[in-house]
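# Examination of the molecular architecture
Spelled out from the first residue to the last, the chains are:
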Amino acid sequence: MPSPKQLAWLIVKAPETRSIEEANAILQISQDRDAAILIRIVRRFVDLVRRVGTKAHDAGPVFDDWLLGAKRCGLRPVETFAAGLQHDGDAVRAALETSWSSAQVEGQVNKLKLLKRSMYGRGNLELLRRRLILAP
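Here, residues in each chain are numbered from 1, in the same order as that chain's written sequence. A pLDDT threshold of at least 70 governs which residues receive local features in this predicted model, and a stricter bar of 80 or more applies before side-chain atom pairs are shown or counted, although totals over entire chains, interfaces and linings include all residues. Excluded from the side-chain calculation are hydrogens and water; included are all heavy atoms of the structure.

With that settled, the discussion passes to the environment of glutamine 6. Tracing the backbone shows glutamine 6 in helix H1 (residues 4-12). Think of it in three bands: with a 1.4 Å probe and only protein chains considered, a residue is buried below 20% of the maximum accessible area for its type, exposed above 50%, and partly exposed in between. Judged by its relative accessible area of 46%, glutamine 6 is partly exposed. Sequence separation of glutamine 6 and isoleucine 26 is 20 residues, and the distance between their C-alpha atoms is 11 Å. By the criteria applied, helices consist of DSSP H or I runs no shorter than four residues and strands consist of E runs no shorter than two, each listed in order from the N terminus.

If you trace the backbone, arginine 43 turns up in helix H3 (residues 33-50). Here a polar contact is taken to be a pair of N or O atoms separated by no more than 3.5 Å, where protein atoms must pair a possible hydrogen donor with a possible acceptor and residues adjacent in sequence count only if both atoms sit in side chains. Within the structure, arginine 43 has its side chain in polar contact with the backbone oxygen of valine 12 (distance 2.7 Å). When checking whether two residues touch, look at their non-hydrogen atoms; a contact exists if any pair is within 4.5 Å. Excluding residues that lie within four positions of it along the chain, arginine 43 makes contacts with Ile11, Val12, Lys13, Ala14, Pro15, Arg18 and Arg50.

Another point: the pattern of salt bridges. Charged atoms that come close allow side chains of opposite charge to pair. We define a salt bridge as a contact between a side-chain nitrogen of Lys or Arg and a carboxyl oxygen of Asp or Glu at a distance within 4 Å. Throughout the structure, instances matching the rule amount to 4 salt bridges. Where arginine 43 meets aspartate 47, a salt bridge forms, and the shortest distance between an N and an O atom there is 3.1 Å. Residue arginine 43 and its partner aspartate 47 are located together in helix H3, separated by 4 residues, close to a single helical turn. With a relative accessible area of 12%, arginine 43 lands in the buried category. The class of aspartate 47 is partly exposed, set by a relative accessible area of 39%.

Close inspection of predicted coordinates is inappropriate for parts of the model with low pLDDT. Across the chain, each position has a pLDDT score giving the predictor's confidence in that residue, from 0 to 100. The predicted model of the protein has a mean per-residue pLDDT of 85, with 93% of residues at 70 or higher. Within the protein, helix H8 (residues 125-134) has the poorest average pLDDT of any element, 77, and helix H5 (residues 76-87) the best, 94.

A word on the nonpolar core. Here, nonpolar core refers to any group of buried Ala, Val, Leu, Ile, Met, Phe, Trp, Tyr and Cys residues whose side-chain atoms link them within 4.5 Å. Counting 15 residues, the largest nonpolar core has Ile41, Phe63 and Trp66 as its most contacted members. Sorting the residues of this core by element identifies H3, helix H4 (59-71), H5 and helix H6 (89-97) as the ones contributing at least two each. Looking at this core element by element, the count peaks at 5 residues for H4. Formed by 7 residues, the second largest nonpolar core is a distinct cluster that contains Leu10, Ile11, Ala25 and Ile39.

The next thing to look at is the packing of aromatic side chains. Each Phe, Tyr or Trp ring (for Trp, its six-membered ring) is paired with any other whose centre lies within 6.5 Å, and the angle between the two planes then decides the class: stacked below 30 degrees, edge-to-face above 60, tilted in between. Going through the model one piece at a time under the given rule, you end up with 4 aromatic pairs. Plain terms: the ring middles of phenylalanine 45 and phenylalanine 81 are 5.9 Å apart, the flat faces sit at 85° to each other, and that makes the pair edge-to-face. A residue pair is termed long-range when its members are at least 10 positions apart, and phenylalanine 45 in helix H3 and phenylalanine 81 in helix H5 qualify at 36 residues. Note on phenylalanine 45: relative accessible area 21%, which makes it partly exposed. When its relative accessible area of 42% is taken as the criterion, phenylalanine 81 is described as partly exposed. Aromatic pair tryptophan 66 and phenylalanine 81: ring centres 6.3 Å apart, planes at 85°, arrangement edge-to-face. You can see tryptophan 66 sitting in helix H4 and its partner phenylalanine 81 sitting in helix H5, a full 15 residues away along the chain. Each residue in the set Phe45, Phe63, Trp66 and Phe81 is aromatic and connected to the rest through ring pairs, giving one cluster.

Here it is as C-alpha cells:
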C-alpha cells in the first residue's frame, strides 16, 4: 500500500493517467466510506481548478455546488477547509474565473527569500540586492 503522501498524489492525479497498480490502490482505499467521500470531493475540486482559464468557464456556480457538498460531507477537516474557502469566496471565485496568475511574482519572491536565507543573517540590504541582481 502506498504511503499517505503517495495516496494524496494518486487521488489528485488524473484517473486516465494512473497505472493499474495506482488505480487498484485507489479502489482499495475507496472501500472505506470516509475515504470514498474524500476522494470524490477532492476529484471534483481538482477538476474545478484545472478548468481555470478555459473558454466559457463560469466557475461561480460550480464552485458554489462544490462548496455546499464539501460543507455537508461529514468529514470535519474537509468542512473546515470549505469554511475557509467560503470566507474568502470572492477571492477564490476571481482566481477560478480569470486567467490571471501571480506565478511570476511568487517565483521572484521565493527566489529572494531563498537568497536571504542562504546568507544566514550576514550582510546587509546592499549585499542582498547585489546577490538578487546577479543570481541566475
